[in-house]
Amino acid sequence: KDLGKGQDVKYTRIPLETDGTSISISPDGKAVAVLLPNKSCVDIHRLGKKPGEAATLVLSIDKIKGDLKDVSISPTGKFIIVSTGKTQVYVYSLKGELLHTIDTAQMYNGQISISPCKDLVGASGFTPEVHFWEVKFNKSGSFQGVQEAMDLSGHKSGVYSFAFSGDTRRAVTVSKDGTWRVYNTDVSWHLNEDPKLLVSGEYSTDDTQGTAHVAMSPDGRIVAIATTNNISLYNSDTAEQIDTLIGIHSDSITRLEFSDTGKYIFTCGKDKTVRVWLSRAGMRRDVELWAESLKSATNPSHKERLKTQIAETTARLAELAALC
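What counts and what doesn't
Residues numbered from 1 in each chain as written. Predicted model: local features only at pLDDT ≥ 70, side-chain atom pairs only at ≥ 80, totals over all residues. Heavy atoms only, no water. Helix = DSSP H or I, 4+ residues; strand = E, 2+ residues; numbered from the N terminus. Contact = heavy atoms within 4.5 Å. Pairing = 2+ DSSP bridges. Axes fitted to C-alpha atoms, helices over the stretch in contact; angles between N-to-C directions. Salt bridge = Lys/Arg side-chain N within 4 Å of Asp/Glu carboxyl O. Patch = residues over 30% accessible without salt bridge, like charges linked within 9 Å, V, L, I, M, F, W, Y side chains within 5 Å. Areas by Shrake-Rupley, 256 points an atom, 1.4 Å probe, with all protein chains shown as cover. Expected span 1.5 Å × (residues − 1). Buried < 20%, exposed > 50% of the residue type's maximum accessible area, 1.4 Å probe, protein only.

Caption draft 1: Expanded view of the environment of V42. Summarising the element assignment, V42 is placed in strand β3 (residues 41–46). With residues up to four places along the chain from it excluded, the contact list for V42 reads A33, V34, L35, L59, S60, I61, I64, V71 and V82.

Caption draft 2: Inspection of the sheet that holds strand β18 (residues 222–227) at higher detail. One open sheet holds the four strands; their spatial order is β17-β18-β19-β20, and the pairing between them is antiparallel. Edge positions in the sheet fall to β17 (213–216) and β20 (241–245), since each of these pairs with one other strand and no more. Averaged over all neighbouring strand pairs, the angle between strand axes comes to 20°, with direction disregarded. The pairing of strand β19 (residues 230–235) with β20 spans four bridges and is classified as antiparallel. Considered in β20, the bridge of S232 is made with T244. Lying on the sheet, helix α1 (residues 280–296) is in contact with β18, β19 and β20; it crosses β20 at an angle near 150°.

Caption draft 3: Spotlight on the pattern of salt bridges. With the rule as written, the count across this model stands at 15 salt bridges. One continuous salt-bridge network, built from bridges that share partners, spans R170, D237, R285 and E288.

Caption draft 4: Representation of the sheet that holds strand β15 (residues 179–184). One open sheet holds the four strands; their spatial order is β13-β14-β15-β16, and the pairing between them is antiparallel. Of all the strands in the sheet, just β13 (159–164) and β16 (196–202) have a single pairing partner and so form its edges. Pairs of neighbouring strands in the sheet enclose a mean axial angle of 20°, with direction left out of account. Relative to β16, β15 is paired through six bridges, and the arrangement is antiparallel. Within β16, the position partnered with V182 by the bridge is V199.

Caption draft 5: Here's a closer look at a nonpolar patch on the surface. Together, M107, Y108 and F126 give the surface a local cluster of nonpolar side chains, amounting to about 320 Å² of exposed area. Inspection of the secondary structure puts Y108 in the loop between β8 (98–103) and β9 (109–114).

Caption draft 6: Just α1, in detail. For α1, with 17 residues, the first-to-last C-alpha span of 25 Å sits near the 24 Å given by 1.5 Å per residue. Three or more residues of α1 are buried, namely R280, A281, G282, M283, R285, V287 and W290. On its buried face, α1 sits against β18, β19, β20, β23 (274–278) and α2 (300–323).

Caption draft 7: Spotlight on the environment of I253. Note on placement: I253 falls in strand β21 (residues 253–258). A sequence separation of 33 residues divides I253 from D286, and the C-alpha atoms of the two residues are 27 Å apart. Contacts of I253, omitting those with residues within four sequence positions, involve H213, A226, T228, N229, N230, I231, I248, C268 and G269.

Following this line, the structure appears as structure tokens:
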């Protein structure tokens, strides 16, 4: 639904026996995994068919060892990972069977994430690299194993955060060394081909207070970096800073993500709020690309559609600028 219409967002409330510290929604949007560290388990709830309907507990993965930190359902819907604060990442089947345990060798786990496709599990932490492993399944869907895939290297200090484009062909990292780097990850790691650095840039570390978070738009064109309660947005081709959002939470931002269309940016913070922002940077990039397409367009209806898109989006940007 279009969040810009200002309609109330419907929701489903799931009662928990103890505090949940991490959640993950299944690719089809029909289930949610909740990490319950105090019970050393992950509960999987099936959501009702309509918003507001009661959810049903369908699976508990219990007796998970370690200081549990995060849970994620793979975007391909094939497996679930649970990470600890130390170096373990547990890979489970959708039935709760432990398939494999990854040792990240990071001294401690920072961010643990799964790529949007290709079933890559990535880990950042103490070292200046992000390590990736491929979780392999055969054509019939049976688990085949986990193997090392590739590293994103080149930073001089530990990596705070990393993110992929929607097609997993690009990745971005942000480091304690005050830099961010964009890589071409569309490589044959099975043949030991390494990711290639495309661009790097600097960000302000004056207000990080110990961490920074990064997100990449689904098309890979924009990088967003959150430090404290501010966000800076960059062109991922040129490293040019193209927008800023200042003081958007009353406390530090703990995570940010682009919507699947790239139109919105979602943020959550220590102030216990989740907020949705219209991506002006994405709108400006759209106008630039439409203008380039217009130069080579020959079909009259296509040209007219591009002109309309440019005019409408430019007008909307002007309205937003007037509100600031």
